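These are the residues of each chain, in order.
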Amino acid sequence: MSPDYAYLHSGDFIIFALLAIVALVSAFQMVIVRLITHAALFMALTFTAVAGIFLLMQAEFVAAIQILVYAGAITTMVIFAIMLSGLRDIKAERSQQVRRFGRSDYFVFVVGLIFAAFMTYIYVGAHLPLSQPNGSMATVKAIGTSLFTTYVIPFEAASLLLLIAMVGAIILTAKEADQQ
Amino acid sequence: MSLPIVFPLGLAALLFGIGLWGALTRTNAVRILMFIEIMLNGVNLNLMTFSRYYWQQDEVMASRAPIIALFIMTVAAAEASVGLAIILNVVRNRGVIDVDKVDLLKG
(Lines give C-alpha, C1' and ligand atoms only; values in the text may rest on other atoms or scores of the structure.)
Protein backbone atom coordinates (compact mmCIF):
# COMPACT_ATOMS: atom_id res chain seq x y z
CA MET A 1 0.00 0.00 0.00
CA SER A 2 1.89 3.02 -1.20
CA PRO A 3 1.27 6.02 0.95
CA ASP A 4 -0.65 8.70 -0.81
CA TYR A 5 -0.40 12.08 0.80
CA ALA A 6 -2.70 13.93 -1.55
CA TYR A 7 -5.24 14.36 1.22
CA LEU A 8 -2.86 16.68 3.04
CA HIS A 9 -3.77 19.48 0.65
CA SER A 10 -7.50 19.03 0.79
CA GLY A 11 -9.72 21.40 2.67
CA ASP A 12 -11.25 18.50 4.56
CA PHE A 13 -7.95 17.67 6.18
CA ILE A 14 -7.23 21.25 7.21
CA ILE A 15 -10.64 21.71 8.77
CA PHE A 16 -10.43 18.33 10.44
CA ALA A 17 -6.99 19.13 11.84
CA LEU A 18 -8.18 22.44 13.26
CA LEU A 19 -11.24 20.88 14.87
CA ALA A 20 -9.25 17.95 16.22
CA ILE A 21 -6.66 20.27 17.76
CA VAL A 22 -9.41 22.33 19.38
CA ALA A 23 -11.13 19.21 20.74
CA LEU A 24 -7.97 17.61 22.09
CA VAL A 25 -6.52 20.77 23.61
CA SER A 26 -9.77 21.66 25.36
CA ALA A 27 -10.19 18.09 26.60
CA PHE A 28 -6.65 18.28 27.95
CA GLN A 29 -7.39 21.62 29.56
CA MET A 30 -10.46 20.06 31.20
CA VAL A 31 -8.15 17.80 33.14
CA ILE A 32 -5.55 20.32 34.25
CA VAL A 33 -7.56 23.50 34.74
CA ARG A 34 -8.17 24.37 38.35
CA LEU A 35 -11.62 25.95 38.36
CA ILE A 36 -14.34 23.44 37.69
CA THR A 37 -16.55 26.00 35.95
CA HIS A 38 -13.76 26.51 33.46
CA ALA A 39 -13.60 22.75 33.00
CA ALA A 40 -17.34 22.76 32.21
CA LEU A 41 -16.84 25.47 29.60
CA PHE A 42 -13.93 23.56 28.06
CA MET A 43 -16.23 20.55 27.93
CA ALA A 44 -18.72 22.61 25.90
CA LEU A 45 -15.88 23.62 23.55
CA THR A 46 -14.88 19.98 23.09
CA PHE A 47 -18.45 19.01 22.27
CA THR A 48 -18.76 21.87 19.79
CA ALA A 49 -15.56 20.83 18.03
CA VAL A 50 -16.79 17.24 17.78
CA ALA A 51 -20.08 18.56 16.39
CA GLY A 52 -18.02 20.33 13.73
CA ILE A 53 -16.40 17.01 12.84
CA PHE A 54 -19.87 15.47 12.57
CA LEU A 55 -20.79 18.26 10.18
CA LEU A 56 -17.64 17.50 8.19
CA MET A 57 -18.93 13.94 7.88
CA GLN A 58 -22.23 15.29 6.58
CA ALA A 59 -24.10 13.97 9.60
CA GLU A 60 -26.11 17.12 10.17
CA PHE A 61 -28.71 15.48 12.37
CA VAL A 62 -26.15 14.12 14.81
CA ALA A 63 -24.31 17.44 14.81
CA ALA A 64 -27.50 19.31 15.69
CA ILE A 65 -28.39 16.83 18.43
CA GLN A 66 -24.84 17.06 19.73
CA ILE A 67 -25.03 20.86 19.98
CA LEU A 68 -28.47 20.74 21.59
CA VAL A 69 -27.98 17.89 24.04
CA TYR A 70 -24.30 17.96 24.89
CA ALA A 71 -23.17 21.54 24.44
CA GLY A 72 -26.51 22.91 25.57
CA ALA A 73 -28.29 20.70 28.05
CA ILE A 74 -25.54 18.73 29.76
CA THR A 75 -23.20 21.71 30.13
CA THR A 76 -26.01 23.78 31.61
CA MET A 77 -26.91 20.95 33.96
CA VAL A 78 -23.31 20.57 35.13
CA ILE A 79 -22.99 24.31 35.74
CA PHE A 80 -26.27 24.30 37.66
CA ALA A 81 -25.05 21.40 39.77
CA ILE A 82 -21.83 23.28 40.53
CA MET A 83 -23.83 26.35 41.49
CA LEU A 84 -26.43 24.52 43.59
CA SER A 85 -23.96 22.61 45.65
CA GLY A 86 -22.74 25.63 47.53
CA LEU A 87 -19.47 24.13 48.59
CA ARG A 88 -16.42 26.22 48.09
CA ASP A 89 -14.13 23.35 47.36
CA ILE A 90 -16.25 22.19 44.45
CA LYS A 91 -15.40 25.39 42.63
CA ALA A 92 -11.67 25.17 43.01
CA GLU A 93 -10.08 21.93 43.96
CA ARG A 94 -8.02 22.61 47.01
CA SER A 95 -5.44 21.12 49.30
CA GLN A 96 -3.88 18.02 47.88
CA GLN A 97 -5.69 18.40 44.58
CA VAL A 98 -3.69 21.48 43.69
CA ARG A 99 -0.72 19.44 42.65
CA ARG A 100 -1.50 19.03 39.01
CA PHE A 101 0.67 16.11 38.16
CA GLY A 102 1.22 13.60 40.86
CA ARG A 103 2.90 10.36 40.06
CA SER A 104 -0.39 8.54 39.54
CA ASP A 105 -1.57 11.27 37.18
CA TYR A 106 1.34 10.65 34.84
CA PHE A 107 0.84 6.92 35.10
CA VAL A 108 -2.81 7.07 34.11
CA PHE A 109 -2.06 9.58 31.36
CA VAL A 110 0.41 7.11 29.91
CA VAL A 111 -2.24 4.40 30.21
CA GLY A 112 -4.72 6.54 28.24
CA LEU A 113 -2.10 7.34 25.61
CA ILE A 114 -1.18 3.68 25.30
CA PHE A 115 -4.85 2.86 24.82
CA ALA A 116 -5.19 5.44 22.05
CA ALA A 117 -1.96 4.35 20.40
CA PHE A 118 -2.98 0.70 20.57
CA MET A 119 -6.36 1.41 19.00
CA THR A 120 -4.74 3.48 16.25
CA TYR A 121 -2.21 0.71 15.66
CA ILE A 122 -5.05 -1.76 15.27
CA TYR A 123 -6.87 0.56 12.89
CA VAL A 124 -3.76 1.07 10.77
CA GLY A 125 -2.84 -2.58 10.75
CA ALA A 126 -6.34 -3.79 10.04
CA HIS A 127 -6.10 -2.81 6.35
CA LEU A 128 -9.64 -1.56 6.36
CA PRO A 129 -11.05 -1.64 2.85
CA LEU A 130 -10.54 1.66 1.16
CA SER A 131 -13.92 3.18 0.87
CA GLN A 132 -14.43 6.39 -0.97
CA PRO A 133 -17.67 7.65 0.41
CA ASN A 134 -19.93 8.55 -2.43
CA GLY A 135 -23.36 9.92 -1.99
CA SER A 136 -24.45 11.58 1.18
CA MET A 137 -25.37 10.44 4.62
CA ALA A 138 -28.96 9.73 5.52
CA THR A 139 -31.16 12.76 5.44
CA VAL A 140 -33.16 13.87 8.43
CA LYS A 141 -36.27 12.73 6.59
CA ALA A 142 -34.96 9.19 6.22
CA ILE A 143 -33.82 9.13 9.83
CA GLY A 144 -37.21 10.31 11.05
CA THR A 145 -39.06 7.84 8.84
CA SER A 146 -37.17 4.85 10.10
CA LEU A 147 -37.19 6.18 13.68
CA PHE A 148 -40.97 6.36 13.74
CA THR A 149 -41.66 3.16 11.84
CA THR A 150 -39.00 0.49 12.29
CA TYR A 151 -37.55 1.70 15.56
CA VAL A 152 -40.65 3.04 17.26
CA ILE A 153 -40.38 0.58 20.18
CA PRO A 154 -36.81 1.63 21.11
CA PHE A 155 -37.89 5.23 20.63
CA GLU A 156 -40.69 4.80 23.16
CA ALA A 157 -38.33 2.98 25.50
CA ALA A 158 -35.93 5.94 25.29
CA SER A 159 -38.73 8.37 26.06
CA LEU A 160 -39.74 6.23 29.03
CA LEU A 161 -36.12 6.21 30.20
CA LEU A 162 -35.99 10.01 30.01
CA LEU A 163 -39.24 10.29 31.92
CA ILE A 164 -38.00 7.97 34.65
CA ALA A 165 -34.69 9.86 34.84
CA MET A 166 -36.54 13.15 35.18
CA VAL A 167 -38.81 11.85 37.93
CA GLY A 168 -35.86 10.26 39.70
CA ALA A 169 -33.79 13.44 39.57
CA ILE A 170 -36.70 15.48 40.93
CA ILE A 171 -37.32 13.00 43.75
CA LEU A 172 -33.63 12.85 44.61
CA THR A 173 -33.05 16.56 44.73
CA ALA A 174 -36.37 17.92 46.02
CA LYS A 175 -36.40 18.73 49.67
CA GLU A 176 -39.07 16.86 51.55
CA ALA A 177 -42.07 19.11 51.53
CA ASP A 178 -44.17 17.14 53.98
CA GLN A 179 -41.73 17.62 56.80
CA GLN A 180 -42.35 21.31 57.06
CA MET B 1 -14.36 13.22 2.47
CA SER B 2 -10.92 12.27 1.25
CA LEU B 3 -9.51 11.81 4.71
CA PRO B 4 -8.08 8.41 5.66
CA ILE B 5 -10.30 6.70 8.16
CA VAL B 6 -7.46 6.46 10.68
CA PHE B 7 -7.61 10.16 11.53
CA PRO B 8 -11.16 10.37 12.91
CA LEU B 9 -10.75 6.99 14.58
CA GLY B 10 -7.52 8.14 16.18
CA LEU B 11 -9.19 11.33 17.36
CA ALA B 12 -12.00 9.28 18.92
CA ALA B 13 -9.50 7.00 20.65
CA LEU B 14 -7.56 10.00 21.95
CA LEU B 15 -10.74 11.60 23.29
CA PHE B 16 -11.56 8.35 25.03
CA GLY B 17 -8.03 8.14 26.43
CA ILE B 18 -8.08 11.70 27.78
CA GLY B 19 -11.50 11.05 29.31
CA LEU B 20 -10.16 7.88 30.90
CA TRP B 21 -7.19 9.78 32.27
CA GLY B 22 -9.37 12.48 33.78
CA ALA B 23 -11.97 10.10 35.17
CA LEU B 24 -9.31 8.03 36.88
CA THR B 25 -7.20 10.81 38.35
CA ARG B 26 -9.59 13.57 39.40
CA THR B 27 -11.48 13.08 42.64
CA ASN B 28 -14.16 15.71 42.15
CA ALA B 29 -17.41 13.87 41.47
CA VAL B 30 -18.82 16.42 39.02
CA ARG B 31 -15.59 16.42 37.06
CA ILE B 32 -15.62 12.62 36.84
CA LEU B 33 -19.12 12.81 35.38
CA MET B 34 -17.88 15.31 32.80
CA PHE B 35 -15.10 12.96 31.72
CA ILE B 36 -17.57 10.13 31.36
CA GLU B 37 -19.49 12.34 28.92
CA ILE B 38 -16.25 12.96 26.99
CA MET B 39 -15.65 9.22 26.74
CA LEU B 40 -19.20 8.62 25.49
CA ASN B 41 -18.66 11.32 22.91
CA GLY B 42 -15.52 9.60 21.68
CA VAL B 43 -17.48 6.38 21.26
CA ASN B 44 -20.12 8.26 19.29
CA LEU B 45 -17.46 9.75 17.02
CA ASN B 46 -16.11 6.25 16.36
CA LEU B 47 -19.56 4.97 15.43
CA MET B 48 -20.29 7.89 13.14
CA THR B 49 -16.91 7.51 11.43
CA PHE B 50 -17.51 3.88 10.57
CA SER B 51 -21.01 4.73 9.44
CA ARG B 52 -19.71 7.49 7.20
CA TYR B 53 -17.12 5.31 5.55
CA TYR B 54 -18.87 1.97 5.24
CA TRP B 55 -22.55 2.18 5.97
CA GLN B 56 -23.96 4.50 3.43
CA GLN B 57 -24.36 2.23 0.46
CA ASP B 58 -28.07 1.71 0.93
CA GLU B 59 -30.64 3.92 2.54
CA VAL B 60 -31.70 1.54 5.30
CA MET B 61 -28.23 1.03 6.69
CA ALA B 62 -27.35 4.71 6.38
CA SER B 63 -30.10 5.81 8.73
CA ARG B 64 -29.21 3.34 11.46
CA ALA B 65 -26.06 4.98 12.81
CA PRO B 66 -27.68 8.36 13.60
CA ILE B 67 -30.44 6.50 15.43
CA ILE B 68 -27.93 4.57 17.53
CA ALA B 69 -26.09 7.83 18.21
CA LEU B 70 -29.38 9.42 19.24
CA PHE B 71 -30.02 6.61 21.72
CA ILE B 72 -26.50 6.91 23.11
CA MET B 73 -27.05 10.62 23.69
CA THR B 74 -30.41 9.92 25.33
CA VAL B 75 -28.86 7.48 27.75
CA ALA B 76 -25.98 9.90 28.40
CA ALA B 77 -28.41 12.69 29.24
CA ALA B 78 -30.44 10.47 31.58
CA GLU B 79 -27.28 9.22 33.25
CA ALA B 80 -25.94 12.75 33.71
CA SER B 81 -29.17 14.02 35.26
CA VAL B 82 -29.51 11.15 37.74
CA GLY B 83 -25.79 11.25 38.51
CA LEU B 84 -25.82 14.95 39.23
CA ALA B 85 -28.88 14.50 41.45
CA ILE B 86 -27.04 11.81 43.42
CA ILE B 87 -23.98 14.06 43.69
CA LEU B 88 -26.15 16.91 44.98
CA ASN B 89 -27.60 14.57 47.59
CA VAL B 90 -24.12 13.47 48.66
CA VAL B 91 -23.06 17.09 48.99
CA ARG B 92 -26.15 17.90 51.00
CA ASN B 93 -25.88 14.95 53.34
CA ARG B 94 -22.14 14.60 53.86
CA GLY B 95 -20.78 17.98 52.89
CA VAL B 96 -18.03 16.70 50.61
CA ILE B 97 -17.66 16.50 46.86
CA ASP B 98 -14.46 14.49 46.96
CA VAL B 99 -15.17 10.88 46.07
CA ASP B 100 -12.21 9.77 48.19
CA LYS B 101 -13.92 11.15 51.27
CA VAL B 102 -17.22 9.38 50.65
CA ASP B 103 -16.07 6.24 52.42
CA LEU B 104 -19.04 5.23 54.54
CA LEU B 105 -18.83 1.64 53.37
CA LYS B 106 -15.10 1.35 53.91
CA GLY B 107 -14.27 -1.22 56.55
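Quick caveat: nothing in here was measured; it's all calculated off a predicted structure. (Residues numbered from 1 in each chain as written. Chains lettered and ligands numbered in written order. Predicted model: local features only at pLDDT ≥ 70, side-chain atom pairs only at ≥ 80, totals over all residues. Heavy atoms only, no water.)

In this section: the overall build of chain B. The secondary structure content of chain B amounts to 4 helices and 0 strands. Taking 107 residues into account, the globule formula puts the C-alpha radius of gyration at 13 Å, and chain B, at 18 Å, lies well above it. For the C-alpha atoms alone, the extent of chain B along its principal axes is close to 55 × 25 × 20 Å. Per-residue burial over chain B gives 62% buried out of 107 residues. For chain B, restricting intrachain contacts to residue pairs at least 6 apart in sequence, the fraction spanning at least 24 positions comes to 59%. Within the structure as shown, chain B displays about 4000 Å² of accessible surface, and the carbon and sulfur contribution to it stands at 68%. (Helix = DSSP H or I, 4+ residues; strand = E, 2+ residues; numbered from the N terminus. Rg over C-alpha atoms; globule rule 2.2 N^0.38 Å. Buried < 20%, exposed > 50% of the residue type's maximum accessible area, 1.4 Å probe, protein only. Contact = heavy atoms within 4.5 Å. Areas by Shrake-Rupley, 256 points an atom, 1.4 Å probe, with all protein chains shown as cover.)

A count of helical and extended segments in chain A gives 6 helices and 0 strands. When the helices and strands of chain A are read in sequence order from the N terminus, they spell out α-α-α-α-α-α. For chain A, contacts bridging at least 24 residues in sequence account for 60% of all contacts bridging at least 6. Carbon and sulfur atoms make up 72% of the accessible area of chain A, which totals about 10900 Å².

This part covers the pattern of salt bridges. Residue and element names in this part refer to chain B. Taken as a whole and judged by the stated rule, the model has 1 salt bridge over all chains. Residues Asp 98 and Lys 101 are paired through a salt bridge, measuring 3.3 Å at the closest nitrogen-oxygen approach. Given the relative accessible area of 10%, Asp 98 is considered buried. Residue class for Lys 101 comes out partly exposed when judged on its relative accessible area of 40%. (Salt bridge = Lys/Arg side-chain N within 4 Å of Asp/Glu carboxyl O.)

A few words now on the interface of chain B and chain A. Each side of the interface is counted separately: chain B has 74 residues, and chain A has 86 residues. Across the chain B to chain A interface the summed buried area is about 7300 Å²; carbon plus sulfur atoms make up 75%. Our enumeration of links across chain B and chain A arrives at 11 residue pairs in polar contact (both at pLDDT 80 or more). The set of elements that each furnish at least two residues to the side of chain B that touches chain A consists of helix 1 (6-25), helix 2 (29-54), helix 3 (59-62) and helix 4 (64-94) of chain B. (Buried area = accessible area lost by both parts, 1.4 Å probe. Polar contact = N/O pair within 3.5 Å; in protein donor to acceptor, adjacent residues only side chain to side chain.)

Scanning the entire structure with this criterion turns up 7 aromatic pairs over all chains. Centroid distance Phe 13 of chain A to Phe 7 of chain B: 5.5 Å. Interplanar angle 75°. Geometry classified as edge-to-face. In this pair, Phe 13 of chain A is assigned in helix 1 (residues 11-32) and Phe 7 of chain B in helix 1, connecting two distinct chains. Judged by its relative accessible area of 16%, Phe 13 of chain A is buried. (Phe/Tyr/Trp six-rings, centres within 6.5 Å; stacked < 30°, edge-to-face > 60°.)

Here the focus is the domain arrangement of chain A. In terms of domain boundaries, chain A breaks down into domain 1 (11-96), domain 2 (98-128) and domain 3 (138-175). For domain 1 of chain A and domain 3 of chain A, the distance between their C-alpha centroids amounts to 23 Å. (Domains from an automatic or database assignment.)

The next point concerns the packing of helix 1 of chain A against helix 1 of chain B. Put simply, helix 1 of chain A and helix 1 of chain B touch, their axes get as near as 9 Å, and they point 5° apart. In terms of orientation, helix 1 of chain A and helix 1 of chain B fall into the roughly parallel class. Taking contact as the criterion, the partners of Phe 13, Phe 16, Ala 20, Ala 23, Leu 24, Ala 27, Phe 28, Val 31 and Ile 32 of chain A in helix 1 of chain A are, on helix 1 of chain B, Phe 7, Pro 8, Leu 11, Leu 14, Leu 15, Ile 18, Trp 21 and Gly 22 of chain B. Taken together, the residues that form the contact of helix 1 of chain A with helix 1 of chain B break down as 16 nonpolar, 1 polar and no charged. (Axes fitted to C-alpha atoms, helices over the stretch in contact; angles between N-to-C directions. Parallel < 35°, antiparallel > 145°, perpendicular 65-115°, else oblique. Nonpolar A, V, L, I, M, F, W, Y, C, P; charged D, E, K, R; others polar.)

A separate point is the nonpolar core. Core analysis: the largest hydrophobic core is formed by 68 residues, its most contacted members being Val 78 of chain A together with Val 30 of chain B. Elements that contribute at least two residues to this core include exactly helix 1, helix 2 (36-56), helix 3 (60-84), helix 4 (103-125) and helix 5 (140-148) of chain A together with helix 1, helix 2 and helix 4 of chain B. Split by domain, the residues of this core number at least three in each of domain 1 (11-96) and domain 3 (138-175) of chain A. (Core = buried A, V, L, I, M, F, W, Y, C linked by side-chain atoms within 4.5 Å.)

It is worth spelling out the side chain of Ser 26 of chain A at this point. Residues and elements named next belong to chain A. As for its placement among the helices and strands, Ser 26 is situated in helix 1. Within the structure, the side chain of Ser 26 is placed 2.8 Å from the backbone oxygen of Val 22, a separation counted as a polar contact. For Ser 26, the residues in contact, after removing those within four places along its chain, are Phe 42, Leu 45 and Thr 46.

Another aspect to go through is the environment of Ala 138 of chain A. Position of Ala 138 of chain A among the secondary structure elements: in the loop between helix 4 and helix 5. For the pair Ala 138 of chain A and Phe 109 of chain A, spaced 29 residues apart in sequence, the C-alpha to C-alpha distance is 37 Å.

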